[in-house]
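For reference, the chains in residue letters:
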Amino acid sequence: MTQQKKLKVLDLALIAMFSAVMAVCSWISVPATVPFTLQTFGVFLAVGVLGGKKGSIAVLVYLILGMVGAPVFAGFSGGIGALLGSTGGYIIGFLFSALTMWAFEALLGKKTWVLALSMVAGLLVCYAFGTVWFMVVYANGTGPIGLWTALTWCVIPYIIPDALKIALALVLSNRLSKLKNKSVK
């Protein structure tokens with residue numbers, strides 16, 4: 001097998017592995033209005049280790065698995081219904097987080113500070129998309145909800161845990177990237 005084919009096989013295997021890591025991270029869940037999970041950690045780790053393009057593909061694979069009904073989302077759920085529910089915007093927001101991180105990588109490179117900044121920016125994008133989605137779905141089912149109320153339910157309680165996930169993902173991304181790069185050589 002040529003070196004180029006070995007890399008492609010390795011890339012596919014890593015994309016599949018990180019899609020599975022995101023699923024496992026979603027199953028570690030504390031129930032709440034928006035469940036506390038490690039999904040964002042999985043997204044940050046995938047993009048941090050695989051890079052923007054392959055990490056975004058891993059997130060897309062994860063979303064497709066969930067859309068077709070595989071129980072990869074929080075609470076072992078899956079299917080279009082999970083995405084159309086009040087927290088579906090946060091799940092779809094994972095892809096926008098990954099794409100944001102990829103954009104930072106493309107514009108500023110792969111330095112650690114860039115990765116950290118891109119994780120924060122990606123999280124903010126996910127919060128924004130998910131909160132707007134939550135407000136729309138909640139309004140359709142229950143009645144209008146104010147932005148402040150949505151933020152107190154869906155964002156503010158998650159800021160500290162998400163900051164810890166970013167810190168852990170940053171440390172692990174740096175270490176795992178070094179291991180991955182050694183194994184490719």
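Cut-offs and rules
Just so you know, the residues in each chain are numbered from 1, in the order the chain's sequence is written. Under the rules for a predicted model, residues below a pLDDT of 70 receive no local features and side-chain atom pairs below 80 are neither given nor counted, while totals for whole chains, interfaces and linings still include all residues. To obtain the side-chain values, all non-hydrogen atoms of the structure were included, while hydrogens and water were left out. By the criteria applied, helices consist of DSSP H or I runs no shorter than four residues and strands consist of E runs no shorter than two, each listed in order from the N terminus. Geometry is summarised by axes, namely lines fitted to C-alpha atoms with helices restricted to the contacting stretch, and by angles between N-to-C directions that run from 0 to 180 degrees. Here roughly perpendicular refers to angles of 65 to 115 degrees, roughly parallel to angles under 35, roughly antiparallel to angles over 145, and oblique to all remaining angles. It is the rotation of the near helix from the far one that decides the hand of a crossing: anticlockwise by less than a right angle makes it left-handed, clockwise makes it right-handed. What makes a patch is a set of residues exposed beyond 30% relative accessible area and free of salt bridges, joined within 9 Å when like-charged and within 5 Å when nonpolar (Val, Leu, Ile, Met, Phe, Trp, Tyr). To be clear on the numbers: accessible area is Shrake-Rupley with a 1.4 Å probe, and residue cover counts the displayed protein chains and nothing else. A side-chain nitrogen of Lys or Arg and a carboxyl oxygen of Asp or Glu constitute a salt bridge if their distance falls within 4 Å. Each residue gets one of three labels from its accessible area relative to the maximum for its type: buried under 20%, exposed over 50%, partly exposed in between, using a 1.4 Å probe on protein chains only. Ring pairs shown here join Phe, Tyr and Trp side chains whose ring centres sit within 6.5 Å, with only the six-membered ring taken for Trp; geometry is labelled stacked below 30 degrees between planes, edge-to-face above 60, and tilted in between. Any N or O atom pair separated by 3.5 Å or less is treated as a polar contact, with the protein-specific requirement of one donor-capable and one acceptor-capable atom, and with residues adjacent in sequence counted only for side-chain atom pairs. Contacts between residues were defined by any pair of non-hydrogen atoms, one from each residue, lying within 4.5 Å.

A. Representation of unusual backbone geometry. Of note in this structure, phenylalanine 76 is not a glycine but carries a positive phi near 55°. Inspection of the secondary structure assignment puts phenylalanine 76 in the loop between α3 (52–67) and α4 (80–84).

B. Summary view of the packing of helix α5 (residues 88–108) against helix α6 (residues 112–141). Where α5 meets α6, the axes come as close as 7 Å, and the angle between the chain directions of the two elements is 150°. As far as their axial angle goes, α6 and α5 are roughly antiparallel. Considering how the two elements wind past one another, α5 and α6 form a crossing that is right-handed.

C. Here's a closer look at a nonpolar patch on the surface. Taken together, the side chains of Leu60, Ile64, Met67, Val68, Ile80 and Leu84 make up a nonpolar region of the molecular surface, amounting to roughly 550 Å² of accessible area. Broken down by secondary-structure element, the contributors of at least two residues to the nonpolar patch are α3 and α4. The dominant element in the nonpolar patch, judged by the number of residues it contributes, is α3, at three residues. Positionally, methionine 67 belongs in helix α3. Judged by its relative accessible area of 34%, methionine 67 is partly exposed.

D. Molecular detail of the environment of tyrosine 90. Along the chain, tyrosine 90 falls in helix α5. Owing to a relative accessible area of 6%, tyrosine 90 belongs among the buried residues under this scheme. The sequence separation of tyrosine 90 and threonine 131 amounts to 41 residues, and the corresponding C-alpha distance is 7.5 Å.

E. A look at the packing of aromatic side chains. Overall, the coordinates contain eight aromatic pairs when judged by the stated rule. Each ring, one from phenylalanine 36 and one from tyrosine 158, has its centre 4.3 Å from the other, and the planes form 35°; the classification is tilted. On the criterion of sequence distance, the pair formed by phenylalanine 36 in strand β2 (residues 36–37) and tyrosine 158 in the loop between α7 (147–154) and α8 (159–184) is long-range, its members being 122 residues apart. When its relative accessible area of 25% is taken as the criterion, phenylalanine 36 is described as partly exposed. By relative accessible area, which is 6% here, tyrosine 158 ends up buried. Ring centres of phenylalanine 134 and tyrosine 138 lie 5.6 Å apart, and the angle between their planes is 20°; this geometry places the pair in the stacked category. In this pair, phenylalanine 134 and tyrosine 138 are both assigned in helix α6, four residues apart and thus about one turn of the helix distant. Chaining the aromatic ring pairs together yields one cluster made of Phe96, Phe129 and Trp133.

F. Just the side chain of serine 56, in detail. Take serine 56: it is sitting in helix α3. Judged by relative accessible area, serine 56 falls into the buried class, the value being 4%. Polar side-chain contacts of serine 56 include one of 2.8 Å to the backbone oxygen of glycine 52. Residue contacts for serine 56: discarding those within four places in its chain leaves Val47, Gly51, Leu95, Ala98, Leu99 and Trp102.

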